[in-house]
Amino acid sequence: MGISVCVVGAGALGSAFAALLFDSGCEVTLLCRRSEQAKEINENGLTINIDSQTKVSMVRATADSREIPVADLIIILVKSRQTRGAIQSVLGVVGGKSSVLTIQNGLGNEEILAEVVGVDKVLSARTYVGSARNHLGQFGVTIQNRETVIGETDGRITPRLEKIARTFDDAGLMTVISNNIVGTIWDKLLVNLATGALSAITRLAYGDLYEIEEVQRSAFEIITEGINLADAAGISITERNVKAIWEHAGVDLPRDFKASMLQSVERRELTEIDFINGAIARLGVRFGIATPANNAMLAALKGIERSFS
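Numbers given to residues run from 1 along each chain, matching the order in which its sequence is written. Predicted model: local features are reported for residues with pLDDT of at least 70 only, side-chain atom pairs are reported and counted for 80 or more only, and whole-chain, interface and lining totals are derived from all residues. Side-chain measures were taken over the full set of non-hydrogen atoms in the model, leaving aside hydrogen atoms and water.

**Remarks on unusual backbone geometry**
(1) Moving on: Its identity is not glycine, yet Arg203 carries a phi of approximately 65°, on the positive side.
(2) Moving on: The helix and strand labels rest on DSSP assignments: H or I over at least four residues marks a helix, E over at least two residues marks a strand, and numbering proceeds from the N terminus. Inspection of the secondary structure puts Arg203 in the loop between helix H6 (181-202) and helix H7 (206-209).
(3) Moving on: Notably, Arg268 is not glycine yet its phi reads approximately 60°, a positive angle.
(4) Moving on: One can find Arg268 in the loop between helix H10 (260-266) and helix H11 (277-287).

The following block contains the structure:
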């Protein structure tokens, strides 16, 4: 049996990670928001289509964190606006030797987790794995050539980091250890900036999104502002070519793939805009750098979210 894992968040990506880790031999519990969802998973399993191959994983699920024993690894895979509540709900699962790993988008999640459980327990990862739930309640996952980058927040290469990376590799996740996870966080932020808000506002999946010249021009402006802020904050990013970042956001994903922000809008839920484009807008004010393109995305998504009420 592999390590014990608690995955907090039963959305598309959380369910995908839970299934992959379970099938590789880990002891996995998936924490759901709703007891009905947990009951369905326990009865029928998670149906995952991984790179066109379908399998059913009988992952244990629960909506009550009190039913989950102390775990070696707690993976946080909820929307960024839910981070504080999520980690507070599983404090009983965090033991003395537990590690808490965020695989979330945006800026600020590591700081929130550190405030609750202590900085020494927190690791960070960013993934380019694509995952979405279809109308049948099944999950489609794209892992081929999609990296998951993991690191200690202080840049050290530690035994626990290497153990988690091996666990992910064994689960079929192409895992890279980074000594610059802050730079990786910003690398992924730039990719999220490229497509997330534009997809949510236009309601377009990637196939159509990438065929509109005006959308691409707007994406380039949004990404450029992000690069300017990374420079101002002294962050070492690995890619500075705006077009390459735009193309990387959609590489190897099917035409009908939808950004997570669009998936939230279609469910009439609040998005992660405050932690993505909103984070750039706030940093722009802090550093005195204009961010009109990101400001526009933030305003548009706030308006869309208001329409849900």
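**Here we look at the packing of aromatic side chains**
(1) Moving on: Two rings from Phe, Tyr or Trp (for Trp, the six-membered ring) form a pair when their centres sit within 6.5 Å of each other. Planes less than 30 degrees apart are called stacked, planes more than 60 degrees apart edge-to-face, and all others tilted. By the definition in use, this model includes four aromatic pairs.
(2) Moving on: Ring geometry for Phe17 and Phe168: centres 5.8 Å apart, planes at 65°, overall edge-to-face. Taken as a pair, Phe17 in helix H1 (residues 12-23) and Phe168 in helix H5 (residues 159-170) lie far apart in primary sequence, 151 residues in all.
(3) Moving on: Judged by relative accessible area, Phe17 falls into the buried class, the value being 0%.
(4) Moving on: Ring centres of Tyr206 and Tyr210 lie 5.7 Å apart, and the angle between their planes is 45°; on these two criteria the pair is classed as tilted.
(5) Moving on: Counted as over-ring charges are cases with an Arg CZ or a Lys NZ within 6 Å of the ring centre that also lie within 35 degrees of the ring normal. One residue, Lys188, lies across the ring of Tyr128, its end atom 5.4 Å from the ring centre. Only protein chains enter the area calculation, which uses a 1.4 Å probe; residues under 20% of their type maximum are buried, those over 50% are exposed, and those in between are partly exposed.

**Points about the packing of helix H8 (residues 213-232) against helix H12 (residues 292-306)**
(1) Moving on: Comment: axis = line fitted to C-alpha atoms, over the contacting stretch for helices; angle = value between 0 and 180 degrees taken between N-to-C directions. Running from N to C, H8 and H12 cross one another at 115°; their axes reach a closest spacing of 7 Å. In terms of orientation, H8 lies roughly perpendicular with respect to H12. Counted together, Glu221, Ile222 and Glu225 of H8 and Pro292, Ala293, Asn294 and Met297 of H12 form the full contact between these two elements. For this classification, under 35 degrees means roughly parallel, over 145 means roughly antiparallel, 65 to 115 means roughly perpendicular, and everything else is oblique. By the convention used here, residues are in contact when the closest approach between their heavy atoms is within 4.5 Å.

**Notes on the pairing of strand S12 (residues 174-177)**
(1) Moving on: Here, a strand pair is defined by DSSP locating no fewer than two bridges between the strands. In this sheet, S12 lies alongside strand S11 (residues 147-152) in parallel orientation, the contact comprising four bridges. Residue pairing for S12: Val149 is matched across the bridge by Val176.
(2) Moving on: Seen with its strands pointing away from the viewer, a crossover is right-handed when the path leading from the first strand over the helix to the second is clockwise. After leaving S11, the chain enters H5 and then returns to the sheet as S12, a path that is right-handed.

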